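Residue strings, one per chain:
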Amino acid sequence: MASEKLLSEQVTKQTLPSQASQNSLAKASTIPSELILQIFKYVTSTADLKSCILVCKSWCRCGVELLWHKPVFTGYGSLIKLLVTLSRSTQTFPYALLIRRLNFSFLGEHVSDEILKRLSSCERLERLTLGGCRRLTDNGLLKLLDKADGLVALDVSDIENLTDAVVELVGERCRRLQGLNVSLCKKVSDKGILAVASKCRSLRRIKLSSCDIITDESVVILAKNCPHLLELDLTNCNQITNDAIQPVFENCTQLRELRLACCTKLTDESFTETMPALYEQLRILDLTSCALITDQTLLKIAHSAPKLRNLVLAKCGNITDEGVYHITRLGKHLHYLHLGHCSRITDHSITHLARHCTRLRYLDLACCTQLTDASVFELSHLPKLRRIGLVKCALITDQAIYALIENRVVQHTLERVHLSYCVNLTVPAVLELVNSCFRLTHLSLTGVPAFLRPEVQQFCRQAPKEFTPHQRQVFCVFSGKGVKDLKQYLNSTVIAQQRNRIANGVGNINDQVVGPVAAVSADIEESVVSEAEGVGGDISEGGEGENENRHSQNDNRNRNRVSDRNPEGEDGDVGNALLDF
């Protein structure tokens, strides 16, 4: 009997929660929901959050709300599971009403109108991302957005079948809207944009890239009705004229990002006559291919926007040394500068730039054919330089590379170097570059004769499928692991050649250590030289390996589509995409 009683007591102790455990649960349930939600925001693991749900009812309510706040789709299967759960007649919680954010940009072609219709019960959506979901039409979007009164941000970029009907509905229903991206929606016109501008007065960001039937009317109404705009993207809206820019400067006093790439009708008047004396909140300005812009615009920009951080002037062929001197007024504030195809620039202005804009991180000088080693000598002293583009700067020699790596600070900062069509470069100089720059992750050497060898090109990225046979022959871009493999191969070759020379008693350790370049057919070599001098056609090097600033992965894709098909080629980096620091 005594043994049975003892066993019973042990079982009771194991099955009943301890007094301390009960007290802990009681205390946990008394924590206010606001505090629980704030604490749960720091629980990054979904598995840990699921464990928290099992503690008590109050924790369960808060945890479930966070789990469903922004569902994560690992694939099409997870989306189907979500739809099945939402279609159940009996649910522990009203899951559809807990969903606030949906991002389908990674599912692309899998998203159809039928799927959006089944999500129409999500009436409390705040952010919806559908960029690249090309199968969608107005039918599915109208059904989903009809009750989305609380929507704050909407991305429907690159949906070819989207029309003004959807944009007008957004203007009517989503009065709290702050962000709208309709880039590459070719059917969107002034009619839809006017509906949004007249009703969504809190709009902060709008992207109209490649909406090529948009005219000045949309921009003027946006500027007048949405004075709180922070970002305006008019890339490839080639009907925009000077008349649209004046209202923007007059009314949008908080504007930080202005993208006017390929607005080819813009002239100096857009800035010299309309830009306020002080517009210091502007941080990013893109004037790519605004070929009518001259040095006078840069003079005005330097005075009015003294804290400008990113400036893109690619293919502005009228820019001269005088314009670059004006840019140097930006001093330490300037981090990103793109001067690709500004072929009238010389060493004099780049030297001045390097001495005054000492915090430059990104500099693209592609196709600035007058530049020599002297420019690189000065640029090598920039303490924060991460990326430099010298594509088709045919006067650059090995001495520029040696100067670049002599600065020990640059050795620890340089990440991407673009040297395509710098035909005078040799293997020893590039070997020094890859050995010295510890953070180097991208190196482009397309069209450099010394690297048109199968044993070296085996470490290159694969050339894009659309390239011609000739383009494939001269393609030479190393990214990520390819840079490491190239470094290892060149070093092993050097050691082997040194040993052979010493063993044979020929030469000494200081002789050139890399063997002769494999013969290149005359027609290819001639073509490479002509392209380096800007005579031949452009050869694109395809997209960059890693996207570093995916502040909007979909937005980067859009910007690449908008720009010329030369993500690296002549401009030396991912099209004209800006890095937002």
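Residues numbered from 1 in each chain as written. Predicted model: local features only at pLDDT ≥ 70, side-chain atom pairs only at ≥ 80, totals over all residues. Heavy atoms only, no water.

Participant: Honestly, helix α6 (residues 76-87) in this entry has me stumped. Any pointers?
Facilitator: Note on helix geometry: an α-helix contains 3.6 residues per turn, so any two residues three or four positions apart are oriented the same way. The terminal C-alpha atoms of α6 lie 17 Å apart, and with twelve residues this matches the ideal 16 Å at 1.5 Å per residue to within 8%. Those residues of α6 not exposed but buried are L79, L82, L83, T85 and L86. On an axial view of α6, the arc spanned by its buried residues comes to 160 degrees, and they lie on one face. Turned more than 90 degrees from where α6 packs its buried face, K81 and S87 sit exposed. Where α6 is buried, its residues touch α5 (57-69), α7 (95-98) and α8 (113-118). (Helix = DSSP H or I, 4+ residues; strand = E, 2+ residues; numbered from the N terminus. Expected span 1.5 Å × (residues − 1). Buried < 20%, exposed > 50% of the residue type's maximum accessible area, 1.4 Å probe, protein only. Arc of directions from axis to C-beta. Contact = heavy atoms within 4.5 Å.)

Participant: Looking at this structure, I do not really get the side chain of S105. What am I missing?
Facilitator: Relative to the assigned elements, S105 resides in the loop between β1 (101-103) and α8. Of note is the side chain of S105, whose polar atom sits 2.7 Å from the side chain of N103. (Polar contact = N/O pair within 3.5 Å; in protein donor to acceptor, adjacent residues only side chain to side chain.)

Participant: Just checking my understanding: could you explain the confidence of the model for the chain for this structure?
Facilitator: The predicted coordinates ought not to be read in detail in places where the model reports low pLDDT. Summarising the model, the chain shows a mean pLDDT of 83, and 81% of its residues fall at 70 or more. The low-confidence segment residues 10-16 (pLDDT under 50) makes zero contacts with residues lying over four places distant or belonging to another chain. (pLDDT = per-residue confidence, 0-100.)

Participant: Even after reading the chapter, I still don't get helix α13 (residues 242-251), so can you show me in this structure?
Facilitator: For α13, the set of buried residues is N242, A244, I245, P247, V248 and F249. Residues of α13 that are buried in the fold lie against α12 (216-225), β6 (231-233), β7 (257-259) and α14 (269-272).

Participant: Looking at this structure, I do not really get the nonpolar core. What am I missing?
Facilitator: In a soluble, globular protein the nonpolar side chains are often hidden away together inside. Of all hydrophobic cores here, the largest spans 147 residues; its most connected members are F104, L119, L128, L130, I327, L339 and L419. Among the elements that make up this core, the one with the highest residue count is helix α21 (residues 427-436) (six residues). Each of domain 1 (29-68) and domain 2 (70-203) gives at least three residues to this core. Excluding its chain neighbours within four sequence positions, the residues that come into contact with I327 are L298, L311, L313, L334, L337, L339, L353 and C357. Counting seven residues, the second largest nonpolar core, distinct from the first, contains I36, F40, L49 and C62. (Core = buried A, V, L, I, M, F, W, Y, C linked by side-chain atoms within 4.5 Å. Domains from an automatic or database assignment.)

Participant: Help me understand the environment of R439, please; the structure alone is not making it clear to me.
Facilitator: In this fold, R439 is placed in the loop between α21 and β14 (442-444). The spacing of R439 and R386 is 53 residues in sequence and 9.1 Å in space, taken between C-alpha atoms. Residue contacts for R439: discarding those within four places in its chain leaves Q411, H412, L414 and E415. A polar side-chain atom of R439 sits 3.0 Å from a polar atom in the side chain of E415.

Participant: Just to check I follow, could you spell out the packing of helix α4 (residues 46-53) against α5 for this structure?
Facilitator: The axes of two packed helices give the description: the angle between them and the distance between them. Relative orientation of the contacting elements α4 and α5 amounts to 150 degrees, with a least axis distance of 8 Å. The angle between the axes of α4 and α5 places the two elements in the roughly antiparallel class. Crossing of α4 over α5 shows left-handed handedness. When α4 is examined against α5, the residues T46, L49, K50, C52 and I53 are found in contact with a partner set consisting of W59, C60, G63, V64, L66 and L67. Among the residues forming the contact of α4 with α5, the class breakdown is eight nonpolar, two polar and one charged. (Axes fitted to C-alpha atoms, helices over the stretch in contact; angles between N-to-C directions. Parallel < 35°, antiparallel > 145°, perpendicular 65-115°, else oblique. Left-handed = near helix turned anticlockwise from the far one by under 90°. Nonpolar A, V, L, I, M, F, W, Y, C, P; charged D, E, K, R; others polar.)

Participant: What am I meant to see in the pattern of salt bridges here?
Facilitator: Side-chain pairs of opposite charge can arise where the charged atoms are in close proximity. Enumeration over the complete set of coordinates arrives at 17 salt bridges. The residue R205 makes a salt bridge to E257 at a minimum N-O spacing of 3.5 Å. On the criterion of sequence distance, the pair formed by R205 in strand β5 (residues 205-207) and E257 in strand β7 is long-range, its members being 52 residues apart. Of the residues examined, R205 reaches a relative accessible area of 33% and is grouped as partly exposed. You can call E257 buried: its relative accessible area is 11%. Here R259 makes a salt bridge to E257, at a shortest N to O gap of 3.0 Å. The pair R259 / E257 is uniform in exposure class, with both members buried. Among the ionic contacts, a cluster of salt bridges with common partners joins R205, K207, E231, E257 and R259. (Salt bridge = Lys/Arg side-chain N within 4 Å of Asp/Glu carboxyl O.)

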